[in-house]
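Tertiary structure, described
Here are the chains, one letter per residue:
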Amino acid sequence: MTLISIIGEFDTALLNLVNEFKAEIKNIILVFDTSTASQKNIAQYAKMLQHFKEKYGLAYTLSTEHIIDEDDVAKIDALLSIIKNYPDAYLNLSHALGSTSAYIGSKIHAFHFKLISFNPYDNEYNVIDQQGFKNYPITHKVGMIDFLESYGYEVRLKRDTQWIEKHKEDIFTVFSHYKQYREMRTLPSLQGYEHYTLYPVLQRLNIFDDDGTLQNKGYLEGGLFEDYVYLIVKELGFEDVLVGAEIIFDKVHETHTLINNEFDILAFKNNRLYLFECKFTKSFVLNDLIYKYMALKEYMKNDSKGIIITYNPKINPTEKLPPEDFFAKMSRKKALLFDVHIVKNILEKNRLKEVLFKIIYPDCLHVKTTEPSLSLTKKQYVYFLGGHDLEMHEIKQLLEAHHAHYFDKNLRWGAKVSDYQEELARLKAGEIPVFIELEHDMPYKGKFENIDHHGALSHFPSSLEQIAQRLNHTLTRFQTLVALNDKAYKIGLKRFGATADEIQAIRYMDRQKQGVTQEDEALARQSVEAICFKEEIPCIYSLTPHLSAVSDLVDFKHYIIYTDDKLCVYTYKSKAMKKLFLPYIEKNQAYYGGSEQMFFGLKNNILTKAQIESFMEKIIEKLTKKDKK
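The shown structure was predicted, so the numbers you read here are calculated from the model rather than taken from an experiment. (Residues numbered from 1 in each chain as written. Predicted model: local features only at pLDDT ≥ 70, side-chain atom pairs only at ≥ 80, totals over all residues. Heavy atoms only, no water.)

1. Let's talk about the overall build of the protein
- Across its full length, the protein holds 23 helices and 23 strands.
- Counting over 629 residues, the protein shows a buried share of 49%.
- Intrachain contacts of the protein at a sequence separation of at least 6 include 62% that bridge at least 24 residues.
- A total of about 30,800 Å² of accessible surface is found on the protein, and carbon and sulfur atoms cover 52% of it. (Helix = DSSP H or I, 4+ residues; strand = E, 2+ residues; numbered from the N terminus. Buried < 20%, exposed > 50% of the residue type's maximum accessible area, 1.4 Å probe, protein only. Contact = heavy atoms within 4.5 Å. Areas by Shrake-Rupley, 256 points an atom, 1.4 Å probe, with all protein chains shown as cover.)

Shown next as structure tokens:
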């Protein structure tokens, strides 16, 4: 294979193609035009390809003597004549001008070469030949080290991420017991704190000796926070992440000097670099950090995003923070102009994860468009349906109407990715799974997308709305009612203006799709008849495992429905209840959702009957706290 590239501004498009075909490429020919920018970049491209060749022991030859003028048709024809000498030639037009690409495309039937171009946004490449147009996903992805080295930068690693992974649970435990951590953060010794939960944790993290003496103050006061953020970033789907990496920037073409900088966290995904700065202190100047990252991004051209995460350790994570002042808002706006994002004083794991998710995947679930979505129809998406209810039924109908490829095993609530293990193993190259309301109980190494609106994603639109956006489908009134029912339950339907008959019909159909039988309906009525009030809070022992059948029969501000092995509370006191359920949410033992009146539930068999009754007392205490004042 001979790869002939018309080069322009320097980026990593060519590197991605060379990496993809490194086993087949025998010759690389760089073609540059008469522009100053093109001639300036030829040396950098040659240096990159030579380094890549030596690093991986490749055997291709490299030629850089060909010059064209993209405004001169005769010069372009001369290039096409050269290509005739290479029967296995691919002409890379990733950087070519539109006019040049159009002209060469018009000549393709007279020649036997193929046109190729790289799409960095979808990490794929297109091939055009006499047979037509084909699209392929990149199967050999460029890693972060190769990406940085392609710019001529040297990377020096300072932290062992394996150690961080090994101590993952301990690091999360520290920040889930923040009150203790804040108290112990400035201690010279742990003497007298042996009864604290974090006492053995901080020793396992090598912060304190066996006798309780402080030995790693820097890690205790700041390094822990960096590792905490690193672990959250990993959970967001990044596999290529560095901590404490130093990059030597070589600006030979300007000053002949070396410039270096250390990064708290570097993450790499789909040819884009994410630069994280973590500050666990109130002693910093935000504008200085913004200017720093604005400058650093210049080294990466348009291939990077800066994320500054700051936390004032004196703040209690549960307290309500005052609104940002004028100067803070202006700093944030200024940063966004350069794709630098600020995350300030958010510590709770799921909340921080939500905020970072929206920064890293801004178009994943919120794209609104009135035109056909080429990117969604072009890719080979395969949808995997979660637990059945009315919303999932309508999603299935919508997918069928748009001829989308999907799998449906008619699962119940609590459906998991592993339920589709066999189907996932049979996916073809280039097919991207889309998981709809499936619990991620197993890792999936390939690219995937997720659709949900429960738990940590409860601020997203309903799953039906998200599917409709992807397919450019306008919801009917009935579908809108189905979406509102699943997102905001009865109160959402009422606020929308649904009639009493509509609400009754939607709720009945939802129960039917959940598998509620006539026997369950009868047991639900019996359960409500035996309702009891504890501290004026309605508590209903359900005789049916389908709690929705019971909930549909009552209308209280706060109420609890429970069995011997599970429990669910409906309430407007979402903040207090989320805090109470947080230990179970973090262990994936609980679920929650809704909007104004939210629900929080424990999954089956998490607690014993006695423990459920004890937990109910804590719930009631939270629900009645204000009334007791």
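And the narrative resumes.
2. So, the nonpolar core
- Ranked by size, the top nonpolar core spans 54 residues in total, and within it Phe 175, Leu 224, Phe 225, Phe 276 and Leu 356 carry the most contacts.
- With sequence-adjacent residues up to four places away left out, Leu 356 is seen in contact with Ile 232, Leu 236, Phe 276, Ile 307, Ile 309 and Val 343. (Core = buried A, V, L, I, M, F, W, Y, C linked by side-chain atoms within 4.5 Å.)

3. A closer look at the packing of aromatic side chains
- Enumeration according to the criterion identifies 35 aromatic pairs in this entry.
- Here Phe 21 and Tyr 125 contribute two aromatic rings whose centre-to-centre distance is 5.4 Å and whose plane-to-plane angle is 75 degrees, an arrangement assigned as edge-to-face. Taken as a pair, Phe 21 in the loop between α1 (13-20) and β2 (27-33) and Tyr 125 in strand β6 (residues 124-129) lie far apart in primary sequence, 104 residues in all.
- Owing to a relative accessible area of 14%, Phe 21 belongs among the buried residues under this scheme.
- Taken together, a centroid distance of 5.7 Å and an interplanar angle of 15 degrees make the contact between Phe 280 and Tyr 311 stacked. With Phe 280 in the loop between β11 (272-279) and α11 (286-299) and Tyr 311 in the loop between β12 (304-310) and α12 (326-337), the pair connects residues that are 31 residues apart, well separated along the chain.
- For Phe 280, a relative accessible area of 4% puts it in the buried group.
- What links up through ring pairs into an aromatic cluster is the set Phe 172, Phe 175, Tyr 178, Tyr 181, Phe 225, Tyr 228, Phe 280 and Tyr 311.
- Directly above the ring of Phe 172 sits Lys 349, whose terminal nitrogen or CZ lies 4.2 Å from the centroid.
- Positioned above the aromatic ring of Tyr 381 is the side chain of Arg 470, whose terminal nitrogen or guanidinium carbon lies 4.7 Å from the ring centre. (Phe/Tyr/Trp six-rings, centres within 6.5 Å; stacked < 30°, edge-to-face > 60°. Lys NZ or Arg CZ within 6 Å of the ring centre and 35° of its normal.)

4. Some remarks on the sheet that holds strand β16 (residues 431-436)
- An order of β15-β14-β16-β17 is seen for the four strands of this open sheet, with the pairing classed as parallel. Of all strands in the sheet, those with a lone pairing partner are β15 (405-407) and β17 (449-451), marking the two edges. Put simply, the sheet's adjacent strands are angled 25 degrees from each other on average, direction ignored.
- Where strand β14 (residues 380-385) meets β15, three bridges bridge the pair, whose relative direction is parallel. What sits directly across from Tyr 383, in β15, is Tyr 406.
- Contacts from helix α15 (residues 390-401) reach β14, β15 and β16, with the element oriented near 155 degrees to β14.
- Of the strands in this sheet, β14, β16 and β17 are in contact with helix α17 (residues 463-470), which crosses β17 at around 130 degrees. (Pairing = 2+ DSSP bridges. Axes fitted to C-alpha atoms, helices over the stretch in contact; angles between N-to-C directions.)

5. Re the packing of α15 against helix α18 (residues 477-496)
- Look at α15 against α18: their axes get within 9 Å of each other, and the N-to-C directions meet at 140 degrees. In this view, α15 runs oblique relative to α18, as classed from their interaxial angle. Crossing of α15 against α18: the hand is left-handed. Facing Leu 390, Glu 391, Glu 394 and Leu 398 of α15, the residues of α18 in contact are Phe 478, Gln 479, Val 482 and Asp 486.
- For the contact of α15 with α18, the class distribution of residues is four nonpolar, one polar and three charged. (Parallel < 35°, antiparallel > 145°, perpendicular 65-115°, else oblique. Left-handed = near helix turned anticlockwise from the far one by under 90°. Nonpolar A, V, L, I, M, F, W, Y, C, P; charged D, E, K, R; others polar.)

6. Some words on helix α19 (residues 500-514)
- Along its 15 residues, α19 runs 21 Å from first to last C-alpha, staying within 8% of the 21 Å computed at 1.5 Å per residue.
- For α19, the secondary structure elements touched by its buried residues are α15, α18, α20 (518-529) and α21 (547-551). (Expected span 1.5 Å × (residues − 1).)

7. Notes on helix α10 (residues 217-235)
- End to end, α10 covers 27 Å across 19 residues, agreeing with the expected 27 Å (1.5 Å per residue, within 8%).
- The axis of α10 is deflected most strongly, by about 50 degrees, at Gly 223.
- Backbone geometry just downstream of α10 places Gly 237 in the positive-phi region, at approximately 100 degrees. (Bend = angle between axes of the 7 residues up to and from the residue.)

8. Regarding the sheet that holds strand β20 (residues 559-562)
- Reading across from one edge, β18-β19-β20-β21-β23-β22 is the order of the six strands in this open sheet, with mixed pairing throughout. Looking at strand neighbours, the two that pair on one side only are β18 (532-534) and β22 (590-594), the edges of this open sheet. On average, each strand axis in the sheet is tilted by 20 degrees relative to the strand beside it, whichever way the strands run.
- Of the pairings in the sheet, the one linking strand β21 (residues 567-571) to strand β23 (residues 598-602) comprises five bridges and is antiparallel in character. Paired with Val 569 across the bridge in β23 is Phe 600.
- Against the sheet, helix α22 (residues 574-586) engages β21, β22 and β23, with an angle of about 25 degrees to β23.

9. Focus on the pairing of β23
- Along β23, five of the five residues are buried, which leaves the element largely enclosed by surrounding structure.
- The alternating pattern of β23 places Met 598, Phe 600 and Leu 602 and Phe 599 and Gly 601 on opposite faces, both of which are buried.
- Two successive antiparallel strands, β22 and β23, enclose a turn made up of three residues.

10. Comments concerning the pattern of salt bridges
- If you walk through the whole model with that rule in mind, you get 16 salt bridges.
- Here Arg 507 makes a salt bridge to Asp 510, at a shortest N to O gap of 2.8 Å. Of this pair, Arg 507 and Asp 510 both sit in helix α19, three residues apart, which is roughly one turn of that helix. The burial state of Arg 507 is the same as that of Asp 510; both residues are buried.
- Across the salt bridge formed by Arg 507 and Asp 552, the nearest N and O atoms sit 2.8 Å from each other. (Salt bridge = Lys/Arg side-chain N within 4 Å of Asp/Glu carboxyl O.)

11. Quick notes on a positive patch on the surface
- A cluster of like positive charges, contributed by Lys 179, Arg 182, Lys 579 and Lys 625, occupies part of the molecular surface.
- Within the secondary structure, Arg 182 is located in helix α8 (residues 178-184). (Patch = residues over 30% accessible without salt bridge, like charges linked within 9 Å, V, L, I, M, F, W, Y side chains within 5 Å. Lys, Arg positive; Asp, Glu negative; His and termini not counted. Charge placed at Lys NZ, Arg CZ, Asp CG, Glu CD.)

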